[in-house]
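Coordinate inspection notes
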Amino acid sequence: MPQISNLRFLLSPIKPSLPFPFSKPKPYSLFTVLCSSSSSRRHRTTPNHQSLNFRSRSNSTSSREDNSKSRERGKGLPMEDTGNGTSGFNKRRAEGIDKSDKPKRNLQLKTRRLNPTNTISYVQILGTGMDTQDTSPSVLLFFDKQRFIFNAGEGLQRFCTEHKIKLSKIDHIFLSRVCSETAGGIPGLLLTLAGMGEEGMSVNLWGPSDLQYLVDAMKSFIPHAAMVHATSFGSDATAQSHASNFMNPIGLIKNEVVKISAILLRPSYIEGAAVKPGDMSVIYVCELPEIMGKFDPEKAKALGLKPGPKFSELQSGISVKSDHQDIMVHPSDVMGPSVPGPVVFLVDCPTESHAQELLSIQSLNCYTADYSDSPPQNVKTVTCIIHLSPASVITSPSYQKWMKKFFSSQHIMAGHEMKNVEIPILKSSSRITARLNYLCPQFFPSPGFWSLKQLNCSNVEPIFSGEDYVLKAPEIISAENLLKFTLRPHAHLGLDKSNIPSLIAPSDVIEELVTEIPEIVDAAQHVRQFWHGSGETKGYMTLGQDNKVMIEEPWLVDNALPSCLENIRRDDLEIVLLGTGSSQPSKYRNVSSVYINLFSKGGLLLDCGEGTLGQLKRRYGLEGADIVVRNLKCIWISHIHADHHTGLSRILALRRDLLKGMAHEPLVVVGPRQLKRFLDAYQKLEDLDMQFLDCRSTNLASWEAYEGNSEHKDHSATGNPNNLEDVSTPTVSTEATLFARGSRMQSYWKRPGSPVDNAMSFPVLKSLKKVLSEAGLEALISFPVVHCPQAFGIMLKAAERINAVGKIIPGWKIVYSGDTRPCPELVEASKGATVLIHEATFEDDLVEEAVARNHSTTKEAIEVGDSAGAYRIILTHFSQRYPKIPVFDETHMHKTCIAFDMMSVNVADLPVLPKVLPYLKLLFKNEMIVDELDDAADAGIRN
């Protein structure tokens, strides 16, 4: 039997190392303010226990928050004030050493008291990715006291929040393969489990030997507080041999309610060929114990037994001696017929090469009684087989031949089918999107609910048609979201479709909206007139008494159109807010990601939280999202916190597959140094076809060093993306900044303006310069912000253009803050910005929380934009305590708008942007500021 190796990571306390092991400081050039980091982010990923228990504004939790803040200060976590125009910030959090202020936890595995006789059990399809087809569905094996999940792709956590599946009950996660498609949701899930309750939760993670690569990669950014007991089975050496025991079952779980074993499945390689990481697949066999028949006391008495303890022993399967006869009484003498335990297979056969190997697995023959003329002894009938394999494999002759062995089993085909696209997995989010689309389709073009006609899908027949199979209905059924197969009680054995969501017509959502808010009809018409009406419609809307719509005098909007927007084309730029929430995905907001759509010139992603690919699919459709990913020019990551980058590997893996066999360059990924450690470790598992560049290598000083190096200069490029003399240079004195010599933070930032490792970065900078030029961008410059170690913001500058009469028009400028406290570096980088996208995690009344966690309030974000003279400000990254719309003061919003998921702002529509805000407020006028995390608590989900 292959050896099982136990991997247990992030378990014992580890002394924090120095957060910034920079090389010896070097002289640095101007714009030093653009290259370091600090600012605390979400509650989930920080090891600080107060953060892990951060809840909401409700009275029941505000006292805990106050206590948390006082403890922080009592432990030497002062709220620093630089005295140089920088708002206060949490120094220890920015340094990355606040984790040492909490006692280390040794999270224990949960123990359950199990009862196999009176238990309820079923397997259920958790339809992650069914509507977007971006990730593998998960399967839940449910018992009264235990939960087992098979595969955990991106979006699983958000799915469980939506459908109130209790994450706190999950004991084990099994991976059928180890790749971004099946494991993309694990980092976020582990972080959430670690933050539950006072002590956190741990979980067992199982998978083939490749699992070790994933574990090693996650160590680079998951804090010590999160814990997983990871067990891998099978080894590369074993996989390369053709020994018969390679395909023998490997026992994983055996308790009173279930026995789970794994059978490794590899591609049918030529003898001696090496098995590459990621090639190994697993068949999981789940066997429930048989239930003994009913005890017959009359038979026991007839065999000379007295009522008493011996009755119980017989019911427990123990033979006893008769009290009145010289015989042994066996359980079979007094018990009715036993009920055999159900058997469930979960089969993931990713390629036809795996399918050919599937036929040769002899250890499954004991489950094929109705296939063999002379079945082996102790044959067990397979009750249900869940097929996780793609349709192209399932319909192959090899796979069909294998399926025929299990003719009497119920087959559930969990591969992707187009019909599932029409039923959104995240209904709450889809309803909000549809309402926003009704109110303002210009800024919210995504309909919320896709139809096959919209997706240009002429073939609506199921992929798994009867003609493709040797088996016929009812033995084969296509999986649907929340489809159940009941295993216990035995009387209810079989399919249960009662929980499958029904199709919702978009017209029903709008009809409900109009009934709820009748004035929304006039509001939507008024919004449309901003684009299509006469010049007379220049007023703005407010809510008067009784919430009646009132049109007031023109808003005090800065109507001075920036010169960069003169004669701007609609196909020049679009800013798409894919994820606008903080910390962890919620029902209504996904985590951080911004897509910079440059249309025919490609696009860039700024941050890439979990589920970013799914959001692209919801915004652009299935094929449209593939085009977006294929044409990406660069991905930029602000900092290492998981809500900003755990969707990266899935995007990169899809791009790799889409461009397979085509001439192309690896995608440039710009991010903090810690991200490289994760990507390097992960690429041992699967090739991501990328090249990494440290954010510090894209600050202005590094670009200047690159431009000054003749060996790497490329004078042939047009639209030079690094005409640095044209880029607005900060005028703030370096000695007066947060990162200046002798400042509170200089000791650990080590002069961040200095060029970093030029010999390594220059070749990648050359590649980046080339793609920026192709995208029509003049500059991409990273700068440090105050959040956590190695946190950055970014400035993008478009190249100049010439209008029809030969006039030179400057390019637009976009600044994205990442996560940060207000700081002069951000203000300087934002001077004259066309659009500032700024985080606004907290409402104005929670400024102390913002300082403690190194985030910004709504007012602070607006003040940054105002002081920098930004033309428009888009607020994002809202705490999940604000489920639908955050708290804000309208008096400060004259050039600002609140972001929602799927919001798409075309550069030509920027003059209109602030005018839409009151109408958005009308849309949510009946919404209370409900703490969604309290709602999630009912589902066992805690931040």
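Residues numbered from 1 in each chain as written. Predicted model: local features only at pLDDT ≥ 70, side-chain atom pairs only at ≥ 80, totals over all residues. Heavy atoms only, no water.

Attention shifts here to the sheet that holds strand β12 (residues 259-265). Taking strand neighbours across the sheet as the criterion, the seven strands line up as β11-β12-β13-β16-β17-β18-β19 in an open arrangement whose pairing is mixed. The outermost strands of the open sheet, each flanked by one partner alone, are β11 (250-254) and β19 (476-478). The average undirected angle you get between the axes of adjacent strands in this sheet is 20°. As judged from the five bridges shared by strand β13 (residues 281-287) and strand β16 (residues 343-347), these two strands associate in the antiparallel manner. Paired with Cys 286 across the strands is Val 344, a residue of β16. (Pairing = 2+ DSSP bridges. Helix = DSSP H or I, 4+ residues; strand = E, 2+ residues; numbered from the N terminus. Axes fitted to C-alpha atoms, helices over the stretch in contact; angles between N-to-C directions.)

This next bit is on helix α17 (residues 520-532). Counting along an α-helix, one turn takes 3.6 residues, and residues three or four places apart therefore face a common direction. Taking 1.5 Å as the rise per residue, α17 with 13 residues should run 18 Å; its terminal C-alpha atoms sit 18 Å apart, in good agreement. Listed as buried for α17 are Ile 520, Ala 523, Ala 524, His 526, Val 527 and Phe 530. For α17, the angular spread of the buried residues around the axis is 160°, confining them to a single face. Exposed residues on α17 whose side chains face more than 90 degrees from its buried face are Asp 522 and His 532. (Expected span 1.5 Å × (residues − 1). Buried < 20%, exposed > 50% of the residue type's maximum accessible area, 1.4 Å probe, protein only. Arc of directions from axis to C-beta.)

Moving on to the sheet that holds strand β38 (residues 903-906). Pairing is mixed in the open sheet, where seven strands are placed in the order β29-β28-β27-β26-β25-β24-β38. If you trace the sheet from one side to the other, it starts and ends with β29 (690-694) and β38, each paired once. Mean inter-strand twist for the sheet, computed between neighbouring axes without regard to direction, equals 20°. As judged from the five bridges shared by strand β25 (residues 593-597) and strand β26 (residues 603-608), these two strands associate in the antiparallel manner.

By secondary structure assignment, the location of Val 228 is in strand β10 (residues 228-233). On a C-alpha basis, the gap between Val 228 and Met 201 in space is 9.1 Å, while along the polypeptide they are 27 residues apart.

A word on the packing of helix α15 (residues 427-439) against helix α16 (residues 506-516). Running from N to C, α15 and α16 point in directions that differ by 70°, and their axes come no closer than 10 Å. Between α15 and α16, the angle falls in the class roughly perpendicular. Counting all contacts with α15, which are made through Arg 431, Ala 434, Arg 435 and Tyr 438, the residues of α16 involved are Val 509, Ile 510, Glu 512, Leu 513, Val 514 and Glu 516. In terms of residue class, the contact of α15 with α16 is made up of six nonpolar, no polar and four charged. (Parallel < 35°, antiparallel > 145°, perpendicular 65-115°, else oblique. Contact = heavy atoms within 4.5 Å. Nonpolar A, V, L, I, M, F, W, Y, C, P; charged D, E, K, R; others polar.)

With that settled, consider the side chain of Lys 484. With respect to the helices, strands and loops of the structure, Lys 484 is situated in strand β20 (residues 484-488). As a buried residue without a salt bridge, Lys 484 has its nearest oppositely charged side chain in Asp 496, at a separation of 4.8 Å. The contact partners of Lys 484, leaving out residues within four places of it in the chain, are Tyr 122, Val 123, Gln 124, Gly 494, Leu 495, Asp 496 and Asn 499. (Lys, Arg positive; Asp, Glu negative; His and termini not counted. Salt bridge = Lys/Arg side-chain N within 4 Å of Asp/Glu carboxyl O.)

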